[in-house]
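# Commentary on secondary and tertiary structure
Listed here are the chains, written in short residue letters.
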Amino acid sequence: MLIRTLNEDLKAVARELEYPEDKISVTYSDRPDLCQFQCNGAFGLAKVLRRAPLQIAQALADKFSERYTYAKAEVAPPGFLNFVVTDEAFSDLLKEFLSDPRCGVEKTDAPRKIVIDYGGPNIAKPLHVGHLRSAVIGEALKRLCRFLGHDVTGDIHLGDWGTQMGLVIAGLEERYDLSYYFGSDAPKPEITLADLNEVYPMASARSKEDEAFRAKAQEITFRLQQHEEGYYPLWQDICATSIADIKKDYAALDVEFDLWNGESTCDKYVDPMIDSFIEKGFAYESDGALIMDVAEETDEKPMPPILLRKSNGAQIYASTDLATIVERMETIDPDEMWYVVDARQGLHFEQLFRCARKTGLVKEDTVLQHVPFGTVNGTDGKPFKTREGGTMKLKDLIAIISDAAGKQLSEGALALDPEAPRKVGCAALKYGDLVCNRNKNYIFDIDKFVQFDGKTGSYLLYSLVRINSLLAKAGQPDLSLGLKIEDKEEREVLMKMQLLVTAYHQAFEEKLPSFLCEAAYDLANAFNVFYGSHKIVGESDPLRRNTWLTLSAAVGNLLKQTLTVLGMETVPAM
Ligand code: ARG
């Protein structure tokens, strides 16, 4: 990568001139019409060396030019240092790109052990559009971290242990004979997914009006959490039915988890943990419930205490999340835990992290981070709903977008890959989500997402299809034939490739896949401009033809790699 070589070489030059090298940093040029790279270090050095920036930039440029020929160093008043890369260097870079199986993206030399907690669906509730972002962003971040060489574990953290379980069971009890679970010889009731999907919303609505029902559900939750005979095996069956369905939905989205743990998994850690909080004087009773103060002196907003146990003794969201931290520290011992969860849960995570630090559940340097995201809105700007105003199930959403994507595909494409509508549809859906900064809300607009032109997943997939069909028609590149980069469009493609490589690291640092989405789009655009202005198939000059094929293949490799990291499946034709 040129930017890295330039950085290292310019630092070496600075050392030779006895300038402090920490002031030297080469960046991509903000005047690409003049040069490809620049360094503004002379201004910082001017203060230290008490010399004019122009003089310093000139000295750096002169020394650089003595040593290196791959780029021309030019000084622009009042002290800018610009680098114009030679065509030979661009040709070498292209060769490097094509020969590197990682397309120039280096592995980290400081691998971290990271747990990413994402997905987070609740048992007995169908996945809906609200589950989309966590799955899509979490999966992309997991793949990115892994690709960069970090040791990552993706954990779904199922909601399988809270009040909603008591609600479902209370609802089921009214409809079915559950005595099989409680020791009678009655036949085992057949509780289907459809039953669960129907019961949960009913039970949830009812608990808001019917106090006796609510109390019963709480009682059941508590007894379940005691692993009571009857409730526990019933709960296991409910989980199995629900998880089988959840797995299907995630599979359709090509989202995979390493751990299918749930809130229930950490159960054995909860009581000892809470006992130790009480023993150490962190937790205390208030109105029958157990709480802990997590406010800090520097707080500018009120910070309510964290609730650890309800007055009826039941475990809750915070206690299972805390015990999961204990469990992860014991079983995985990660350097970082990331929670890809809706921004509206910000307070929960703030309380959680403070509690975990205060009580020493994690090491001093363990990173705990909420990776928040905004809401999915409809084209009316309000939270996305079905036409009837209900919550859109994820299954239905995938069906609708696959259908829309399928309509755009050619017959040949459908024949080549019968899964193409789902793959293209999901790629469109994922890209539409990932391209916007995750902190913001975004508008879910199916028609826009599946368009072939514009900043869409379909456009990127189509660009790749185009490259592959070009190579199928015109032949594969042959590095032994040599390369010669010589015009603006070719150089532009190579610049965008480097920017995309840089974007891998930015996306990781900021936990923002949007960096990758934007840079991949810019590369596809630059490639399409190049493609439109070069008649590759008809070119008779073997050197030029080979250069163009090499460039196309290298872009194809990098695009494919990036789409895979973003979690988008590709197709052979469209
Ligand atoms: N099940 C939770 C919900 O539906 C999301 C879980 C997020 N992850 C976590 N570790 N709290 O709101």
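Here we summarise the structure given alongside this text. What you see is a predicted model; the values in this text were computed from it and never measured. (Residues numbered from 1 in each chain as written. Predicted model: local features only at pLDDT ≥ 70, side-chain atom pairs only at ≥ 80, totals over all residues. Heavy atoms only, no water.)

Residues Phe-37, Leu-60, Phe-64, Phe-83, Ile-238, Phe-444 and Tyr-504 are the most contacted members of the largest nonpolar core, which totals 163 residues. The residues touching Leu-60, leaving out its near neighbours within four places in the chain, are Leu-10, Val-13, Ala-14, Leu-17, Tyr-19, Ile-24, Leu-45 and Leu-81. Listed in part, the 32 residues of the second largest apolar core include Tyr-269, Val-294, Met-303 and Ala-356. (Core = buried A, V, L, I, M, F, W, Y, C linked by side-chain atoms within 4.5 Å. Buried < 20%, exposed > 50% of the residue type's maximum accessible area, 1.4 Å probe, protein only. Contact = heavy atoms within 4.5 Å.)

What follows is about the sheet that holds strand β9 (residues 306–309). Working definition: the strands of a sheet are paired by backbone hydrogen bonds and lie parallel or antiparallel to each other. In spatial order, the strands read β7-β8-β9; together these three strands make up an open sheet with antiparallel pairing. Looking along the sheet, the strands with just one partner apiece sit at the ends: β7 (283–286) and β9. Going across the sheet, the axis of each strand differs from the next one's by a mean of 45°, ignoring polarity. Packed on one face of the sheet, helix α10 (residues 267–279) meets β7, β8 (289–292) and β9 and runs near 120° to β9. (Pairing = 2+ DSSP bridges. Helix = DSSP H or I, 4+ residues; strand = E, 2+ residues; numbered from the N terminus. Axes fitted to C-alpha atoms, helices over the stretch in contact; angles between N-to-C directions.)

What follows covers the sheet that holds strand β2 (residues 37–39). Overall, antiparallel pairing links the four strands, which are arranged β1-β2-β4-β3 in an open sheet. One side of each edge strand has no neighbouring strand; the edge strands of this open sheet are β1 (26–28) and β3 (71–76). Each adjacent strand pair in this sheet contributes to an overall mean axis angle of 30°, direction not counted. Of the strand pairs in this sheet, β1 and β2 are connected by three bridges, and their pairing is antiparallel. Paired with Thr-27 across the bridge in β2 is Gln-38. Here helix α3 (residues 53–67) sits on the sheet and contacts β3 and β4 (80–85); the angle it forms with β3, its principal contact strand, is near 165°.

Pairs can form between side chains of opposite charge whenever their charged atoms are close. A complete count under the given rule lists 41 salt bridges for this structure. The salt bridge involving Asp-237 is made with Lys-188; its shortest N-O contact spans 3.2 Å. Remark: Lys-188 occurs in the loop between α6 (163–175) and α7 (193–209) and Asp-237 occurs in helix α9 (residues 231–252); sequence separation between them is 49 residues. The salt bridge involving Lys-488 is made with Glu-489; its shortest N-O contact spans 3.9 Å. The class of Lys-488 is exposed, set by a relative accessible area of 60%. (Salt bridge = Lys/Arg side-chain N within 4 Å of Asp/Glu carboxyl O.)

Let us look at the pairing of β7. By the bridge criterion, four bridges tie β7 to β8 in an arrangement that is antiparallel. Directly across from Ser-286, in β8, lies its bridge partner Ala-289. Taking the residues that link successive antiparallel strands as the turn, the β7-β8 hairpin has two residues, and the phi of Asp-287 there is positive, at about 55°.

Taken together, the neighbourhood of the ligand is formed by Asp-117, Gly-120, Asn-122, His-157, Tyr-317, Asp-321, Tyr-339, Val-341, Gln-345 and Phe-349. Between the ligand and Asn-122, the relevant distance is 2.9 Å, taken from a nitrogen atom to a side-chain nitrogen or oxygen of the residue. Between Asp-321 and the ligand, the recorded distance is 2.8 Å, taken from a side-chain N or O atom to a nitrogen atom. The protein chains hide 84% of the 350 Å² of surface that the ligand would expose on its own. When contributions to the shell around the ligand are tallied by element, the ones reaching two or more residues are α11 (317–331) and β10 (336–342). Taken together, the residues of the shell around the ligand break down into four nonpolar, four polar and two charged. (Near = heavy atom within 4 Å. Polar contact = N/O pair within 3.5 Å; in protein donor to acceptor, adjacent residues only side chain to side chain. Areas by Shrake-Rupley, 256 points an atom, 1.4 Å probe, with all protein chains shown as cover. Nonpolar A, V, L, I, M, F, W, Y, C, P; charged D, E, K, R; others polar.)

Everything listed here is a matter of geometry and, on its own, says nothing about what the molecule does.
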